[in-house]
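The primary structure of each chain is shown beneath.
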Amino acid sequence: MSNITDELYERFKSNLEGAGGSCVRTSKADLGKTVAGLFKEYGADSACLCETPLIKEAGVCAAMQDAGIETHTDHIRKYGETAIGGCSQTAFGIAELGTLVQADTDVRAREVAIMPDYYIGIVKGSTIIPTYDEMFFEIGKWKEMPAFVGFITGPSRTADIECVATIGVHGPLKLTAVVVDDE
């Protein structure tokens, strides 16, 4: 896959913002600083981080700790209920919907996306797919289905409670996608 085009990024960003989320674009070199800055902006003094090779190589954990954010990379279930932020890498994005797609065998990636108040989903620009239909075509090519596949579009919302729209009941109050330009 190649790097994301400006047009595809803008489409993804616009659709995510339309669903109540936010989106920023950064380089791998600035990923740690970007994630730490977002958590500081949200007032998150603690966060759970599900590390991947990209997150480790970019020094995200160290950048968060340097910014004074208490960072947990293990025992996510224990700390996830009290941590203000959560961060993980997602497998894909869908530009048509502004959706992050989780596809993982590690349950911690799902926990950090739904337990804290603020979730940051990191997605490589090259893995943003133009349409919903193309995402299912991609899934159809997988040799093995991961333990879970989740589609995340904006912060959690429900109207279950007396038909009043409520944010953050079943997940985060705020969702930000960080699109990383491939090297």
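Everything quoted here is computed from the prediction, not taken from an experiment.

Draft legend 1. The environment of Val-101, seen in detail. Within the secondary structure layout, Val-101 lies in strand E6 (residues 99–104). According to the relative accessible area criterion, Val-101 is buried, its value standing at 0%. Spatially, the C-alpha atom of Val-101 lies 8.8 Å from that of Thr-153, the residues being 52 residues apart in sequence. Those residues in contact with Val-101 that lie beyond four places of it in its chain are Thr-90, Ala-91, Phe-92, Ile-94, Met-135, Val-149, Gly-150 and Phe-151.

Draft legend 2. Layout of the sheet that holds strand E7 (residues 118–124). Spatial strand order, E1-E12-E7-E4-E2-E3: six strands in an open sheet with parallel pairing. In this open sheet, the two strands that pair with only one neighbour each are strand E1 (22–27) and strand E3 (70–72). Direction aside, the axes of adjacent strands within the sheet are offset by 20° on average. The pairing of strand E2 (residues 46–49) with strand E4 (residues 85–89) spans three bridges and is classified as parallel. Along E4, the bridge assignment pairs Cys-48 with Gly-86. Against the sheet, helix H6 (residues 107–114) touches E2, E4 and E7, its axis set at about 140° to E4.

Draft legend 3. Expanded view of a nonpolar patch on the surface. On the surface, Leu-97, Tyr-132, Phe-136 and Phe-151 cluster together into a nonpolar patch covering about 340 Å² of accessible area. Considering the arrangement of structural elements, one finds Leu-97 in the loop between strand E5 (92–94) and E6. The class of Leu-97 is partly exposed, set by a relative accessible area of 33%.

Draft legend 4. Looking closely at the packing of aromatic side chains. In the structure shown here, the tally under the stated rule is five aromatic pairs. Each ring, one from Tyr-132 and one from Phe-136, has its centre 5.0 Å from the other, and the planes form 75°; the classification is edge-to-face. Placement of both Tyr-132 and Phe-136 in helix H7 (residues 132–140) is noted, with a separation of four residues, approximately one turn of the helix. Here the aromatic rings of Phe-136 and Phe-151 are separated by 5.8 Å at their centres, their planes lie at 20°, and the arrangement is stacked. Highlighted residues: Phe-136 in helix H7 and Phe-151 in strand E9 (residues 148–152), separated in sequence by 15 residues.

Draft legend 5. Seen up close, H7. The complete set of buried residues in H7 reads Met-135, Glu-138 and Ile-139. Looking straight down H7, one finds that the buried residues subtend no more than 100° of arc, so they occupy a single side. Away from its buried face, by an angle of more than 90 degrees, H7 presents the exposed residues Asp-133, Phe-137 and Gly-140. Structurally, H7 contributes buried residues whose contacts are with E5, E6, strand E8 (128–129) and E9.

What counts and what doesn't
Residues numbered from 1 in each chain as written. Predicted model: local features only at pLDDT ≥ 70, side-chain atom pairs only at ≥ 80, totals over all residues. Heavy atoms only, no water. Helix = DSSP H or I, 4+ residues; strand = E, 2+ residues; numbered from the N terminus. Buried < 20%, exposed > 50% of the residue type's maximum accessible area, 1.4 Å probe, protein only. Contact = heavy atoms within 4.5 Å. Pairing = 2+ DSSP bridges. Axes fitted to C-alpha atoms, helices over the stretch in contact; angles between N-to-C directions. Patch = residues over 30% accessible without salt bridge, like charges linked within 9 Å, V, L, I, M, F, W, Y side chains within 5 Å. Areas by Shrake-Rupley, 256 points an atom, 1.4 Å probe, with all protein chains shown as cover. Salt bridge = Lys/Arg side-chain N within 4 Å of Asp/Glu carboxyl O. Phe/Tyr/Trp six-rings, centres within 6.5 Å; stacked < 30°, edge-to-face > 60°. Arc of directions from axis to C-beta.

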